[in-house]
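# Residue-level structural notes
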Amino acid sequence: MSDPLLYRLQEILYPHGFSHAGIQKPQPIAPAYVQKYAQWLSEGCHADMSYLERAQSMEIRFDPSRYMPEARSIIVLAFRYPIDRDCDTRPGLFGKIASYARGLDYHDVLRTKLEEISTRLSEYARKEHQSRIAIDSAPIMEKPLASQTGLGWIGRNSCLIHPVHGSFFFLANLFTTLELEPTSSEIFPLCGDCHRCIDACPTGCIRPDHTIDARRCLSYLTIENKGAIPVELREKVGQHLFGCDICQSVCPWNRKANDTLVLPEFQPADESRAWLDLNKILSISTTDFKHQFSGTPLLRAKRIGLIRNACVVLGNIRSDEAAPYLTRLLSEEPEPVIRSHAAWALGRISSKKARDALSCALKSETDPNIRFEIKNALRSV
Ligand code: B12
Ligand code: SF4
Ligand code: SF4
């Protein structure tokens, strides 16, 4: 670092909890990334995330300099969240929350951090600068950009991995009109002949070219997906209530990484944030949902998505204890997607109570899709 401003930049960044950072000149993403992205889209791997294929966004996606044409530098920052090395299930009626979602929403937390950093940067540079922030909020290819800036390599599991910090970190970008010296070149990929993530992924959705088929990824299915979880994948959901960390948990680079440098905002307020009580989720009202999960990533799934997921997890746990709660949903819940998943779960529990509830619901249910689901559930018991 020969540029004295860069020394000062480290001073500015240090108190803000970043784990590693780099600087790059705004420039187009390498053509190989563009081709791979186009291929991924053309195969439909983006599922229903239509924002990823919006034509107006492509110019910026493939050339981040267009996001802020006046920018002269991009500061790319990584902020860690707690490493979860545990792929186990848990006894009882509990559903697992992915590690990134056990604390506060990173979009909000990191935007505030980057705004503070931007202000401090002006003071240190002793001149005004304009800046623009992108944290998963703009059509920026964040992993290719960060990889080109030297923050890690893109592993077989598709996550950006750093040899010291592992992959349990978020990415955030600060575009600035300041001229800063670019910091480093790409890190050599270190997956070698390892394929633990591919072997461990429950749905086999990791593609050979280090991308993910989102249509089968549990993270997509339990967070972004607004409709039904495909029947053939429900068993694979296991106890995952929101998101999935398996392909990161098994990665040797996360086994080696230490657990320091995590911002308090990303630490769970208490242990119960990792495993939620499913019966409580099934009976949550919209108001309570918003109140309980305010400021956290779980809001993204909305009440309907979280209850849908809870039904699937309960159908995998198969405990009769959950039957009364699922029965109430099947007869009283206005959202069809929830009623249909409750029916599936009762079919999997297959106790007398569950069968009676299904037969009874068949008499009053009028929605043809749910009637179909109930009949299937009764066939499977
Ligand atoms: C859409 C999306 C998802 C989708 C699709 C995931 C995916 N891997 O594509 C879903 C909902 C499944 C998802 C899940 C998760 N996500 Co997400 N997601 C995104 C988002 C918004 C866009 C990613 C995207 O464009 N995907 C499309 C593919 C085709 O592009 P790509 O992943 O960038 O891959 C390119 C390169 O990797 C390349 N590639 C790979 N190897 C190589 C090698 C060479 C030589 C070349 C040329 C190219 C290449 O191929 C692709 C095309 O160029 C980004 C934020 C952003 N704006 O970038 C966050 C982001 C990737 N997600 C993030 C996180 C934390 C997660 C989860 C861990 C959350 C969870 N626990 O549930 C999981 C991880 C699942 C996984 N294994 O990837 C972080 C990742 C941080 C990190 N360390 O990598 C990001 C960067 C958000 C952030 N700002 O921190 N996510
Ligand atoms: S997040 Fe889970 S389902 Fe998605 S690729 Fe990783 S292991 Fe597979
Ligand atoms: S588990 Fe192995 S193959 Fe997968 S990302 Fe980690 S090092 Fe690479």
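So, a few notes on the structure that sits alongside this text. As the structure is a computational prediction, the values presented were derived from the model and not from experiment. (Residues numbered from 1 in each chain as written. Chains lettered and ligands numbered in written order. Predicted model: local features only at pLDDT ≥ 70, side-chain atom pairs only at ≥ 80, totals over all residues. Heavy atoms only, no water.)

## A word on the overall build of the chain
Across its full length, the chain carries 17 helices and 9 strands. Against the compact-globule benchmark of 21 Å for 381 residues, the chain has a radius of gyration of 23 Å, which places it among compact chains. When the backbone C-alpha atoms are referred to their principal axes, the chain occupies close to 75 × 40 × 40 Å. Burial statistics for the chain: of 381 residues in total, 54% are counted as buried. Contacts in the chain between residues far apart in sequence, at least 24 positions, make up 77% of those at least 6 positions apart. Carbon together with sulfur atoms contributes 52% to the accessible area of the chain, which is approximately 17500 Å² in total. For the chain, the distance from the average site of its 47 positive side-chain charges to the average site of its 45 negative ones is 4 Å. (Helix = DSSP H or I, 4+ residues; strand = E, 2+ residues; numbered from the N terminus. Rg over C-alpha atoms; globule rule 2.2 N^0.38 Å. Buried < 20%, exposed > 50% of the residue type's maximum accessible area, 1.4 Å probe, protein only. Contact = heavy atoms within 4.5 Å. Areas by Shrake-Rupley, 256 points an atom, 1.4 Å probe, with all protein chains shown as cover. Lys, Arg positive; Asp, Glu negative; His and termini not counted. Charge placed at Lys NZ, Arg CZ, Asp CG, Glu CD.)

## Notes on the site of ligand 2
Surrounding ligand 2, one finds C201, P202, C205, I206, I212, C217, L218, C244, I246 and C247. Here the residues of the shell around ligand 2 are counted per class, giving 10 nonpolar, no polar and no charged. (Near = heavy atom within 4 Å. Nonpolar A, V, L, I, M, F, W, Y, C, P; charged D, E, K, R; others polar.)

## A short note on the sheet that holds strand β8 (residues 240-242)
Spatial ordering of the open sheet is given by β8-β3-β9, a layout of 3 strands whose pairing is mixed. Only two strands of the sheet have a single partner each, and these edge strands are β8 and β9 (275-277). Within this sheet the neighbouring strands show an average axis-to-axis angle of 45°, counted without direction. Note that strand β3 (residues 94-97) and β9 share 3 bridges and pair antiparallel. (Pairing = 2+ DSSP bridges. Axes fitted to C-alpha atoms, helices over the stretch in contact; angles between N-to-C directions.)

## A look at the nonpolar core
Counting 118 residues, the largest nonpolar core has F79, Y100, L110, L114, F242, F266 and L326 as the members making the most contacts within it. If we skip the residues at most four places from it in the chain, F79 touches H16, G17, F18, S19, L110, L114, F169, F170, A172, L263 and F266. Counting residues in hydrophobic clusters, the runner-up holds 5 residues, among them W153, I161, C191 and W253. (Core = buried A, V, L, I, M, F, W, Y, C linked by side-chain atoms within 4.5 Å.)

## Some remarks on the site of ligand 1
Y33, E142, K143, L160 and S219 are the nearest of the 39 residues found near ligand 1. Taking S158, its side chain carries an N or O atom lying 2.8 Å from a nitrogen atom of ligand 1. Taking F169, its main chain carries an N or O atom lying 3.2 Å from a nitrogen atom of ligand 1. Within the residue set of the shell around ligand 1, elements represented by two or more residues are α2 (31-42), α5 (142-148), β7 (169-176), α7 (218-224) and α9 (246-249). Broken down by element, the residue count for the shell around ligand 1 peaks at 5 residues, all from α2. (Polar contact = N/O pair within 3.5 Å; in protein donor to acceptor, adjacent residues only side chain to side chain.)

## Quick word on the packing of α2 against helix α3 (residues 55-62)
Where α2 meets α3, the closest approach of the two axes is 11 Å, and the angle between their N-to-C directions is 150°. In terms of axis orientation, α2 runs roughly antiparallel to α3. Where α2 crosses over α3, the handedness of that crossing is right-handed. Along its contact with α2, which presents V34, Y37 and L41, the element α3 presents M58, R61 and F62. When its residues are assigned to classes, the contact of α2 with α3 shows 5 nonpolar, no polar and 1 charged. (Parallel < 35°, antiparallel > 145°, perpendicular 65-115°, else oblique. Left-handed = near helix turned anticlockwise from the far one by under 90°.)

## Digging into the side chain of D105
Summarising the element assignment, D105 is placed in the loop between β3 and α4 (106-125). One buried charged residue, D105, remains without a salt bridge, the closest side chain of opposite sign being R300 at 7.9 Å. With near-sequence residues (within four places) excluded, D105 lies in contact with G295, T296 and P297. (Salt bridge = Lys/Arg side-chain N within 4 Å of Asp/Glu carboxyl O.)

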